[in-house]
Amino acid sequence: QQQVKQSPQSLIVQKGGISIINCAYENTAFDYFPWYQQFPGKGPALLIAIRPDVSEKKEGRFTISFNKSAKQFSLHIMDSQPGDSATYFCAASISGSARQLTFGSGTQLTVLP
Amino acid sequence: GAGVSQTPSNKVTEKGKYVELRCDPISGHTALYWYRQSLGQGPEFLIYFQGTGAADDSGLPNDRFFAVRPEGSVSTLKIQRTERGDSAVYLCASDTGHIYEQYFGPGTRLTVT
């Protein structure tokens, strides 16, 4: 059973535009929601993360929006750049003993110059 | 400082053979995770160590897979009687055990022929 659903599967954005990737989760015990960026041949790199006690977190051009009641969270990339072209994964985990990350299926982002 | 390192970066083996994959976590990180990533998919959890002991091995697909971390630092993932379906990128991640920011290594690409 897939516990974190991610959309879209692929996304093409013009340079300078806003990229938006969405995730929905099922397990209400999840309390940590990170986003990872992965380039071909590399491991995932932590981008930004949020806990459900806040509705939004911003770091530079990257913003996470979190809707606890809807069990949804999204990544917004402002002023998207060609260097942002990568695969993005949302994930979720539970504090305490069950700390492993459950990942979404990924979004391949292409930013056109 | 140095990140998570994994060796080898690539491993090609024949069906039925035994393989070992190594992970060196970030110095001082007490928690270590193994994930498996198939092409076009998000990483899937295999096993999690807190110190020397396996805190959760619920993601190991069957008893051909085994992992150890004898001194609480380096970990080895062992796969017996490899099958073609085991072909994937095996990722290792670590965190401090207190802050849930997992940092991933570059992965080992395993190909079973």
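Residues numbered from 1 in each chain as written. Chains lettered and ligands numbered in written order. Predicted model: local features only at pLDDT ≥ 70, side-chain atom pairs only at ≥ 80, totals over all residues. Heavy atoms only, no water.

Participant: Residues and numbers for the side chain of B:Arg36, please.
Facilitator: Residues and elements named next belong to chain B. Residue placement: Arg36 occurs in strand 4 (residues 31-37). With no salt bridge to any partner, buried Arg36 finds its closest opposite charge in Asp86, at an N-O distance of 4.1 Å. Side chain to side chain, Arg36 and Tyr90 meet in a polar contact 3.4 Å long. Contacts of Arg36, omitting those with residues within four sequence positions, involve Gly42, Pro43, Glu44, Leu46, Pro61, Phe65, Gly85, Asp86, Ala88, Val89 and Tyr90. (Helix = DSSP H or I, 4+ residues; strand = E, 2+ residues; numbered from the N terminus. Buried < 20%, exposed > 50% of the residue type's maximum accessible area, 1.4 Å probe, protein only. Lys, Arg positive; Asp, Glu negative; His and termini not counted. Salt bridge = Lys/Arg side-chain N within 4 Å of Asp/Glu carboxyl O. Polar contact = N/O pair within 3.5 Å; in protein donor to acceptor, adjacent residues only side chain to side chain. Contact = heavy atoms within 4.5 Å.)

Participant: Mind laying out the sheet that holds strand 3 (residues 19-25) of chain A, listing which residues take part and the relevant values?
Facilitator: Within a sheet, adjacent strands bond to each other through the backbone by hydrogen bonds, running parallel or antiparallel. Residue and element names in this part refer to chain A. Ordered in space as 1-3-8-7-6, the five strands form an open sheet in which the pairing is antiparallel. Here the strands that pair on one side only, and so sit at the sheet edges, are strand 1 (4-7) and strand 6 (56-59). Within this sheet the neighbouring strands show an average axis-to-axis angle of 15°, counted without direction. Bridge count between strand 1 and strand 3: four bridges; the pairing is antiparallel. In the sheet register, Gln6 faces strand 3, and the bridge partner there is Cys23. (Pairing = 2+ DSSP bridges. Axes fitted to C-alpha atoms, helices over the stretch in contact; angles between N-to-C directions.)

Participant: Tell me about the environment of B:Tyr35, and please be specific about residues and values.
Facilitator: Inspection of the secondary structure puts B:Tyr35 in strand 4. Within the local environment of B:Tyr35, its side chain forms a polar contact with the side chain of B:Gln102, the two groups lying 2.8 Å apart.

Participant: Please provide a residue-by-residue account of unusual backbone geometry, values included.
Facilitator: Here the amide bond leading from A:Ser7 into A:Pro8 is cis, since omega sits at -5°, within 30 degrees of zero. For A:Pro8, the position within the fold is in the loop between strand 1 and strand 2 (10-14). Residues B:Thr7 and B:Pro8 are joined by a peptide bond in cis, for which omega reads -10°. A positive phi angle, near 55°, is found at A:Lys71, a position not held by glycine.

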